[in-house]
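Chains, contacts and geometry: an overview
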Amino acid sequence: MKILEGCLDGQNLKIAIAVSRFNETVTKSLLEGAFVQLKRCAVNENDITVAWAPGAFELPGLATRFAKSEKFDAIIVLGAVIRGATPHFDHVSNAVNSGIAHLAREGKIPVIFGVLTTDTVEQAMDRAGLKCGNKGADAALAAVEMVNLYKRIS
């Protein structure tokens, strides 16, 4: 049996991060967590490109532009969609999920989903570093591991 696994060696990797400005208190914490983990994996700070989208809905388009540029080894998508009193949450979260999943399925480079979809601001903050770890940091680790796994498959 042949088993393939990635590793957390980020040397010489170029990473793009698409992050939503909406719910910025949450998304800044996600971005900070991602940045810290990428540096721990030896990704050079100058090899990390961050682009801010106005909201989560714009993230799939931004991630697609990153992918089409062919300048990056992986894309991390960070955002926070928090349920409100209208169906807007469902429309935005479904569109973001579908768009990012579609891009990831193409399989050219890893596209890592780090968009929180929560019922409350408190839940989002907990997942952005307060109580439940930092999902931005988790996304960064997944990005590095998946780049190395894709390389092993090639």
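Going by the structure above, here's the rest.
The paragraphs below set out a description of the structure included in this document. Per chain, the residues get numbers from 1 upward, laid out in the order the sequence is written. With the structure being a predicted model, the display of local features is reserved for residues of pLDDT at least 70 and the display and counting of side-chain atom pairs for 80 or more, all residues being used for whole-chain, interface and lining totals. Side-chain metrics rest on all non-hydrogen atoms present in the structure, leaving aside hydrogens and water.

1. Re the overall build of the protein
Spelled out, the test is: The numbering of helices and of strands both runs from the N terminus, where a helix is a DSSP run of H or I of at least 4 residues and a strand a run of E of at least 2. For the radius of gyration, the atom set is restricted to C-alpha positions; the globular benchmark scales as 2.2 Å times the number of residues to the power 0.38. Buried, partly exposed and exposed residues are distinguished by accessible area as a fraction of the type maximum, computed with a 1.4 Å probe on protein chains only: under 20%, between the cut-offs, and over 50%, respectively. Only the protein chains shown count as cover for residues, with accessible areas throughout obtained via the Shrake-Rupley method and a probe of 1.4 Å.
Looking only at helices and strands, one finds five helices and four strands in the protein. Going residue by residue from the N terminus, the α and β elements of the protein occur as β-α-β-α-β-α-β-α-α. Relative to the compact-globule value of 15 Å for 154 residues, the protein shows a C-alpha radius of gyration of 15 Å, a close match. In terms of principal-axis extent, the alpha carbons of the protein reach across some 50 × 35 × 30 Å. Sorting the 154 residues of the protein into buried and exposed places 44% on the buried side. Counting only carbon and sulfur atoms, one obtains 51% of the accessible surface of the protein, whose full area is about 8500 Å².

2. Let's talk about helix α2 (residues 59-69)
This is how the line gets drawn: It is the directions from the helix axis to the C-beta atoms whose arc is reported. In what follows, a contact means two residues having at least one pair of non-hydrogen atoms within 4.5 Å.
When we look at burial in α2, the residues that qualify are Leu59, Pro60, Ala63 and Phe66. Within α2, the buried residues cover an arc of 120 degrees as seen down the axis, which keeps them to one side. Exposed residues on α2 whose side chains face more than 90 degrees from its buried face are Arg65 and Lys68. On its buried face, α2 is in contact with β1 (15-20), β2 (48-53), β3 (74-82), α3 (88-106) and β4 (111-118). Positive backbone phi, at 55 degrees, marks glutamate 70, one or two positions downstream of α2.

3. Considering the pattern of salt bridges
Heads up, the rule is: Between Lys or Arg on one side and Asp or Glu on the other, a salt bridge is scored when a side-chain nitrogen of the former is within 4 Å of a carboxyl oxygen of the latter.
For the coordinates displayed, the defined rule picks out four salt bridges. Put simply, arginine 83 and aspartate 90 hold a salt bridge, and the shortest N to O gap is 3.6 Å. Judged by relative accessible area, which is 38%, arginine 83 ranks as partly exposed. Overall, aspartate 90 belongs to the partly exposed group, its relative accessible area being 33%. One network of salt bridges, in which partners are shared, links Arg83, Asp90 and Asp119.

Any functional reading would require information that these geometric values do not contain.
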